[in-house]
Amino acid sequence: MRKFFKYFLFIVVFLFHGFMFSVVNYVFPHYDVTRVTGVEVKRVDKDGPITKSNPADGPTRDVYYINTQNDDGKIMVYRNEDTRWGFPFYFKFGSANLQAEAQALGNDNKLVQIKYYGWRITMMDEYRNATSIKEMTADDTPSHPIVSWIFYAFLLATLFLSIQFVRGWFDSEE
């Protein structure tokens, strides 16, 4: 029974830390260097984009999309939606301005750096949410998610300490 409880605690520790790694990866910003190839706006409601097969059945809102392609040919679509006062707390209110800036940079075919959070999950129509965009020149170096790296290091340290604590707790009783 003690062995079962020990492995159960290991599983709980791994699941908790895996969940926390996922939260840090989703919520904290990341950066992509790419080129804007187009922009679009879709009217959506709680069920997704409004179409003939999905008529509006409640309050609607505009969601902006930024289409990009990097120099390797990889295509990525970013959602550009205000977070307002909601989670994650980016307090983003200017999605229309960001869309206009992306369109201007795309018209000039300039290299840009997009700051975003979230994941692109194609099967569930989930997009990364762009929070800012800036032009990149040849001298610029891309930004890095340093705060995320600090949290990853902290979580690795707590994972190691948690495993040592559980091992020590069970080994000391034998």
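These numbers come from a predicted model, not from an experiment. (Residues numbered from 1 in each chain as written. Predicted model: local features only at pLDDT ≥ 70, side-chain atom pairs only at ≥ 80, totals over all residues. Heavy atoms only, no water.)

**Q** Help me out: how do you make sense of helix 2 (residues 95-107) in this one?
**A** Each turn of an α-helix holds 3.6 residues, which means side chains three or four residues apart point in the same direction. With 13 residues, helix 2 extends 18 Å between its outermost C-alpha atoms, agreeing within 8% with the 18 Å of an ideal straight helix rising 1.5 Å per residue. Three or more residues of helix 2 are buried, namely Ser95, Leu98, Gln99, Ala102, Leu105 and Gly106. Projected down its long axis, helix 2 carries its buried residues within an arc of 130°, all on one side. Residues of helix 2 that are exposed and point over 90 degrees away from its buried face: Asn97 and Asn107. Elements that come into contact with the buried residues of helix 2 comprise strand 1 (30-45), strand 3 (61-69), strand 4 (75-80), strand 5 (111-117) and strand 6 (128-135). (Helix = DSSP H or I, 4+ residues; strand = E, 2+ residues; numbered from the N terminus. Expected span 1.5 Å × (residues − 1). Buried < 20%, exposed > 50% of the residue type's maximum accessible area, 1.4 Å probe, protein only. Arc of directions from axis to C-beta. Contact = heavy atoms within 4.5 Å.)

**Q** I would appreciate a short explanation of helix 1 (residues 2-27) in the present structure.
**A** For helix 1, spanning 26 residues, the distance from its first C-alpha to its last is 37 Å, which sits close to the expected 38 Å at 1.5 Å a residue. For helix 1, every residue scored as buried is listed here: Lys6, Leu9, Phe10, Val13, His17, Val24 and Val27.

**Q** It is not clear to me how the confidence of the model for the chain should be interpreted in this structure. Could you clarify?
**A** Do not read the fine detail of predicted coordinates wherever pLDDT is low. Summary statistics for the chain give a mean pLDDT of 89 and a share of 98% for residues scoring 70 or more. The lowest-confidence element of the chain is strand 2 (residues 48-49), averaging 78 in pLDDT; the highest-confidence one is strand 5, averaging 94. (pLDDT = per-residue confidence, 0-100.)

**Q** Sorry if this is basic, but what is going on with the packing of aromatic side chains here?
**A** To describe a pair of aromatic rings, you give the distance between the ring centres and the angle between the ring planes. If you walk through the whole model with that rule in mind, you get 12 aromatic pairs. Plain terms: the ring middles of Tyr7 and Phe10 are 6.1 Å apart, the flat faces sit at 55° to each other, and that makes the pair tilted. Here Tyr7 pairs with Phe10, and both are found in helix 1, just three residues apart, close to one helical turn. The buried category is assigned to Phe10, whose relative accessible area is 14%. (Phe/Tyr/Trp six-rings, centres within 6.5 Å; stacked < 30°, edge-to-face > 60°.)

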